[in-house]
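Chains, contacts and geometry: an overview
This is what each chain is made of:
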Amino acid sequence: MTATWSALVTLLVGLAATIYLVAANDPGEILHLLAAAGWGLLAVIALRLPQILFAALGWAPLIDDPMRPRWAVLVRMRWVGDAVNALLPVAQVGGDVVRAQLLVRRGTGTAPATASVAVDLATELTAQFAFAAIGMALLLRLPHQGGDVTVWLAAATGLCGVMAFAFLAAQRWGLFRLVERLLVPLGGGSGPASAGQARSGRAAGMAAGLHEAVLRLHRAPRRLWSSAAAHLASWLLGTLECWVALRILGIEAGLAEALVIESLGQLARTLGFMIPGALGVQEGGFVLACGLFGIPPEQALALALLRRLRDIALGLPGLVAWRWEAMTGARTTRAAATASAGRTPTR
C-alpha cells in the first residue's frame, strides 16, 4: 500500500511538472507543432522498433537456461516491459519485474529469469553511461550555449556511471545473497497460510538460488560484453529517431546535435526512475538539452510530447498483449489443474 501511494504521489508531481512546463511556455505553439507533425509520428514509431529489438538482443545472452525463448518472443517481452514502464503508475523498474514473470511463465527457471533481468538492468545502465559520455564528448566539441549547465550535465553523466558500476559491484559482492537471507526464511513454516504469507513464500521462491545465478553471469564476461554492446547499439539507434523527430518538427539539427539531445534527454529519464514514466523529468531534460543549441522550449516540449505519443501508440497494444497473455495463461493453468484432478490414479 505504501509503494502504491508513493507511486501515485510521484506520478502527480511529474504530471504537475509537465503541465507547468507546457503552460509556462506557449501551449498553442506546442499543439501547432504536434499537429503539423501529422503522419510523421508513424516514422518515429517505426524507428523505435529496432531499439526494442537490440534491447531484447542485449537481454538474450544473460538468460542462462535451456528453456530460453526465441529472440522473437524476447522482443515481445521487452515490448511489454517497456509499455508497463512508460504507461503504468509504477517506478521504471515495474516493467522489468513483468519481464521476469513472463520469462518464468515460458518455462525458464525462476532464479535464472530473475538474474537475467537484474544483470540486464546493470549492463543497460552501463551502456547508457557510455552513450551519455559520448554525448558529453560531442557537446564539448560543438558550438553550444550555457557553459555552467555543461558542468552540471557532466556531473549527471558521472552520477549515471557511478550508479551503473555500483549496481554491477553490488551484484557481484553479494546484493542478492542479502536478498535471499531476508526473504527465504519468510517462505518457511507449515500449515494454512494467509495471503500475505503466500506472497512472502512466492518472493522467497524467487530469491532462492538467485545469488549463484547472478554470479554465474558475472563469471561469463563474454555474456556481459555482448549484452552491453547490444544495449549501446539500441541507445545509439535512438539518435536516428531523435533526428527524424526534430526534422518532422521543423528543427534544423544534425546527427551530432541529435545524439547530444537524445543522450541527455534519456539520461534525465533514467535519473528520474522513481517517477512513473519519468513524467516532467524527461520533458525538462529535453528542454535543457535542446536549449544548449538554441532550440526554443516550445519546440523542445513538442519533441518530448511527440515521444510520449509514440510511447502511447506502442504501449497500449503492449499492455493489451500482456493482459491477454496473462488471462489465457491463467485459463490454461486452471484447465490443466482440473484435468489433473479428474484423473483416476493408477497403480
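The notes below deal with the structure included here.

Reading the values: the criteria
Residues numbered from 1 in each chain as written. Predicted model: local features only at pLDDT ≥ 70, side-chain atom pairs only at ≥ 80, totals over all residues. Heavy atoms only, no water. Helix = DSSP H or I, 4+ residues; strand = E, 2+ residues; numbered from the N terminus. Buried < 20%, exposed > 50% of the residue type's maximum accessible area, 1.4 Å probe, protein only. Contact = heavy atoms within 4.5 Å. Areas by Shrake-Rupley, 256 points an atom, 1.4 Å probe, with all protein chains shown as cover. Phe/Tyr/Trp six-rings, centres within 6.5 Å; stacked < 30°, edge-to-face > 60°. Lys NZ or Arg CZ within 6 Å of the ring centre and 35° of its normal. Disulfide = S-S within 2.5 Å. Axes fitted to C-alpha atoms, helices over the stretch in contact; angles between N-to-C directions. Parallel < 35°, antiparallel > 145°, perpendicular 65-115°, else oblique. Left-handed = near helix turned anticlockwise from the far one by under 90°. Nonpolar A, V, L, I, M, F, W, Y, C, P; charged D, E, K, R; others polar. Patch = residues over 30% accessible without salt bridge, like charges linked within 9 Å, V, L, I, M, F, W, Y side chains within 5 Å. Salt bridge = Lys/Arg side-chain N within 4 Å of Asp/Glu carboxyl O. Core = buried A, V, L, I, M, F, W, Y, C linked by side-chain atoms within 4.5 Å. Arc of directions from axis to C-beta.

What the protein chain contains, in helices and strands, is 14 helices and zero strands. Moving toward the C terminus, one meets the helices and strands of the protein chain in the order α-α-α-α-α-α-α-α-α-α-α-α-α-α. Here the protein chain holds 347 residues, and the buried ones make up 46% of them. Across the protein chain, contacts joining residues at least 24 apart in sequence account for 76% of those joining residues at least 6 apart. Accessible surface, the protein chain as shown: approximately 17,100 Å² in total, 69% of it carbon and sulfur.

What follows deals with the packing of aromatic side chains. To describe a pair of aromatic rings, one takes the distance between the centres and the angle between the planes. Enumeration over the complete set of coordinates arrives at two aromatic pairs. With a centroid separation of 6.0 Å and an interplanar angle of 80 degrees, the aromatic rings of F129 and F165 are classed as edge-to-face. Of this pair, F129 sits in helix 6 (residues 110-141) while F165 sits in helix 7 (residues 147-172), and the two are 36 residues apart along the sequence. A centroid spacing of 6.3 Å and a plane angle of 15 degrees characterise the contact between F131 and W235, whose relative ring orientation is stacked. Taken as a pair, F131 in helix 6 and W235 in helix 11 (residues 221-248) lie far apart in primary sequence, 104 residues in all. W235 matches F131 in its accessibility class, with the two residues each being buried. Across the ring face of W59, the terminal group of R99 is positioned such that the distance to the ring centre comes to 4.6 Å.

Let us now look at the state of the cysteines. All told, the structure shown has zero disulfides when counted by the stated rule. Sulfur of C290: no disulfide; nearest cysteine sulfur belongs to C242 and is 6.8 Å away. On the basis of relative accessibility, which here comes to 0%, the residue C290 falls in the buried class.

A few words on the packing of helix 7 against helix 12 (residues 255-271). Angle between the axes and distance between the axes: these two values describe a pair of packed helices. Two elements in contact, helix 7 and helix 12, have axes whose closest approach is 11 Å; the angle formed by their N-to-C orientations is 55 degrees. Classified by the angle between their axes, helix 7 and helix 12 sit oblique to one another. You can see that helix 7 and helix 12 cross each other, and the crossing is left-handed. For the pair helix 7 and helix 12, the contacting residues are L153, A156, T157, L159, C160 and M163 in the first and L264, L267 and L271 in the second. Split into classes, the residues belonging to the contact of helix 7 with helix 12 amount to eight nonpolar, one polar and no charged.

Here we take up a nonpolar patch on the surface. A cluster of nonpolar side chains, L12, L15 and I19, forms an exposed patch at the surface whose accessible area comes to about 290 Å². Tracing the chain through its elements places L12 in helix 1 (residues 2-24).

Turning our eyes to something else, we now look at the nonpolar core. In terms of nonpolar packing, the biggest core is built from 40 residues, with L246, L249, I261, L264 and L303 touching the most fellow members. Broken down by element, this core gets its largest block of residues, seven residues, from helix 14 (residues 297-342). In this structure, L303 is in contact with C242, A245, L246, L249, I261, F286 and C290, ignoring residues within four places of it in sequence. Counting 18 residues, the second largest nonpolar core, distinct from the first, contains V73, A83, V98 and A100.

Turning our attention to unusual backbone geometry. Although it is not a glycine, A278 adopts a positive phi angle of roughly 50 degrees. What makes A278 buried here is its relative accessible area of 0%.

The subject of this paragraph is helix 2 (residues 27-37). I30, L33, L34 and A37 are the residues of helix 2 that are buried. For helix 2, the arc enclosing every buried residue in end-on projection is 95 degrees, short of the 170-degree limit, so these residues lie on one face. Facing away from the buried side of helix 2 by over 90 degrees, the exposed positions are L31, H32, A35 and A36. Two residues or fewer after helix 2 comes G38, characterised by a positive phi angle close to 50 degrees.

All right, on to the side chain of H218 then. In this structure, H218 sits in helix 10 (residues 210-218). For H218, a relative accessible area of 8% translates into the label buried.

For S263, the location among the structural elements is in helix 12. Judged by relative accessible area, S263 falls into the buried class, the value being 1%. Those residues in contact with S263, other than ones at most four positions away along the chain, are F131, A132 and G135.

A word on the pattern of salt bridges. Following the criterion strictly, the structure yields 14 salt bridges and no others. With its nearest N and O atoms 3.5 Å apart, the salt bridge here joins D64 to R223. Note that D64 is positioned in the loop between helix 3 (40-59) and helix 4 (71-87) and R223 in helix 11, a separation of 159 residues in sequence. The salt bridge involving R310 is made with D311; its shortest N-O contact spans 2.6 Å. By relative accessible area, D311 is classed as buried at 10%. One continuous salt-bridge network, built from bridges that share partners, spans R48, R78, D82, D96, R99, D120 and E124.

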